[in-house]
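# Report on the structure
Each chain, letter by letter, is given below.
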Amino acid sequence: MYFEIGASLNSSNSQMFLGLMHFYGRGVKNDIAKAKKYFELSAKQKNSVANLQLGYIYLSEKNYTKAIEYLNMSGKLNNSIALLYLGIIHFMGNYVCKDISKAINCWEQSAKLENPIAYLYLGDCYLDYGVKGYSLAKKHYNIAAQYNIPEAFYSIGILYYYGLGVDKNYNEAKKYFEKATHGFIHPRALFKLGIMHIRDSNDKNCIPRGLSYLKLAAKYKNIDALSYLGNMYYSGIIFDVDCQKAIEYFLECTKYYNEKVLIYSNIFDEIIQKRIYNQYRYTSLNNIGLIYLINMNNLDEAIKFIKMAADKGHLESSGQNNWGLIHQKYLNDIEKAKYWFQRPSEHNFALSEYNLGFLYEKEGKTDKSIGYYLRASDDISNPFIFQDYLYNDERLNISSLFIICLANLLNIFFSNKEYDISKKYFIRSLYKIVNKNYRKFMFKLVNDEAKECFSHIKSLYLNFPLFNLQNTNLLSKTDLSSNINESENECKIMKSKNYDEIAMIHKMCKKQKLDGFAEIENRYCQ
């Protein structure tokens, strides 16, 4: 009633408050049209909040030109929240051309108006600059933390966790992650605390405590926690394999294209939402498919999920590679298998390159086959990157290591007339399997067994503990081993070579002083 009287007297604040009441449905029925009417009356009198609210409304209506116009007007009237949003818009390149300098300028103006969340965004921006920006990032995070913003504590924790601009210090990181969760649910901080407790082997209570952190983070839809828990139950590394729980967590992870991150400021009573792309969605679909195929022998469900992973953009990854293997091994469609191997191979994905090499070798297209084997050997060290995210999947790494040993073994024989090339692939083939549990690797060739060296090395790979095929549940690994075994390919190669040519490998070993015992240094896991 009093606001209506004030509005009739042309009070901009009364008009603005009436607009808020109708917009949020406070004391009156929610009515966006009436809210817009009161905001426009107030905005004409240069009310910064009214201009800000009109910016919100037009953004929701996808009228971006008008939205930017009202936000700019609010910013010119020194509304710190409008300046904050304008900074986000310019930084992300949403509705306008991306302009980092404009974003920084907006956030600096907002910060001068004592908006603590602006300091947080400035910290994020400088963090993107890399080493040169770490000190500035920390400076702005520290200022934001003085206002008790949980995201600021989390960000400082990240600096200590990874050693960005500061010495790596897990105790300091843990302290800040814990601060981020005081009186506030911060799923990403909970995830980090869960990881840190599980990795702390000095306390027998750490794993249960870490698990409780992870499950709480997962409850609040943290994509890292959902993916991690799925992998824990899938791999059986921490506790027994539970395929049903693994599927539940992976399936939950696939529901979200983005993770919503809420940033709360108790100064402005403002909740701002950031979105983080769900980089685990397609790997989770792929993992569900593998569980159904290998652990549950359910081909129909496996096809459903692996196809989704391949179709929906699982580029440069095992998703499309495994879909190719499904066509090769289960659907008996070699041409489609080639198509699905070809797609990730265009992005230098070594597993697919190896599989293409095998298929062309089986067809008698030796030159084409050799080309793919050589590419697989050279590309094995390429990082697995999908949509700007770097993945480090231990099972994928083991699969890649396994096939590269086999590819290099084949390359030895394909190039055995050229000593330097053979030597390169021979050494690469062997020292790649040396890991941190095997500081030295001993290899011996006996003169009268030189003819059998191919079979001996192959047996070494197939029986190496890391590649114990009977104990693994990797589609790529088991099928790649069968790609070698099913046609007895190595026997065909042996029969096609005369013993003088094969003996060159033995000669090469002697030149490398491998005739007796020799040591190949561990270069894989340094």
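Located above this text is the structure these notes cover.
Here's what I pulled together on the structure shown here. Predicted model only: the values in this text are computed from it and were never measured. (Residues numbered from 1 in each chain as written. Predicted model: local features only at pLDDT ≥ 70, side-chain atom pairs only at ≥ 80, totals over all residues. Heavy atoms only, no water.)

## Some thoughts on the packing of helix H2 (residues 12-24) against helix H4 (residues 48-60)
- Contact geometry for H2 and H4: axes closest at 10 Å, N-to-C directions at 30°. Taken together, the axis directions place H2 and H4 in an arrangement best described as roughly parallel. For H2 against H4, the interelement crossing comes out left-handed. In this structure, H2 contributes Met-16, Leu-20, Phe-23 and Tyr-24 to the contact, and H4 contributes Val-49, Ala-50, Gln-53 and Ile-57.
- Across the contact of H2 with H4, the residue classes tally to 7 nonpolar, 1 polar and no charged. (Axes fitted to C-alpha atoms, helices over the stretch in contact; angles between N-to-C directions. Helix = DSSP H or I, 4+ residues; strand = E, 2+ residues; numbered from the N terminus. Parallel < 35°, antiparallel > 145°, perpendicular 65-115°, else oblique. Left-handed = near helix turned anticlockwise from the far one by under 90°. Contact = heavy atoms within 4.5 Å. Nonpolar A, V, L, I, M, F, W, Y, C, P; charged D, E, K, R; others polar.)

## A short note on the pattern of salt bridges
- A complete count under the given rule lists 10 salt bridges for this structure.
- Among the ionic pairs, Lys-307 bridges to Asp-311, the shortest N-O distance being 2.6 Å. One end of the pair, Lys-307, and the other, Asp-311, are both in helix H17 (residues 299-311), 4 residues apart, so they sit about a helical turn from each other.
- Residue classification places Lys-307 among the partly exposed positions, given a relative accessible area of 38%. (Salt bridge = Lys/Arg side-chain N within 4 Å of Asp/Glu carboxyl O. Buried < 20%, exposed > 50% of the residue type's maximum accessible area, 1.4 Å probe, protein only.)

## Things to note about unusual backbone geometry
- Non-glycine residue Lys-62 carries a positive phi angle of around 60°.
- Judged by its relative accessible area of 62%, Lys-62 is exposed.
- Despite not being glycine, Asn-332 has its phi angle at roughly 50°, a positive value.

## Some words on the packing of aromatic side chains
- Throughout the structure, instances matching the rule amount to 19 aromatic pairs.
- Relative to Tyr-24, the ring of Phe-23 lies with its centre 4.8 Å away and its plane at 85°, an arrangement referred to as edge-to-face.
- For the pair Tyr-354 and Tyr-373, a centre-to-centre distance of 5.4 Å together with 50° between the ring planes defines the contact as tilted. Taken together, the residues span a long stretch of sequence, with Tyr-354 in helix H20 (residues 350-362) and Tyr-373 in helix H21 (residues 366-379) at a distance of 19 residues.
- Classification of Tyr-354 as buried rests on a relative accessible area of 0%.
- Among the aromatic residues, those joined into a ring-pair cluster are Tyr-154, Tyr-161, Tyr-162, Tyr-170 and Phe-177.
- Here Lys-37 stacks its cationic end above the ring of Tyr-38, 5.3 Å away from the centre of that ring.
- The ring of Phe-91 has Lys-98 sitting right over it, with the charged end atom 5.6 Å from the ring centre. (Phe/Tyr/Trp six-rings, centres within 6.5 Å; stacked < 30°, edge-to-face > 60°. Lys NZ or Arg CZ within 6 Å of the ring centre and 35° of its normal.)

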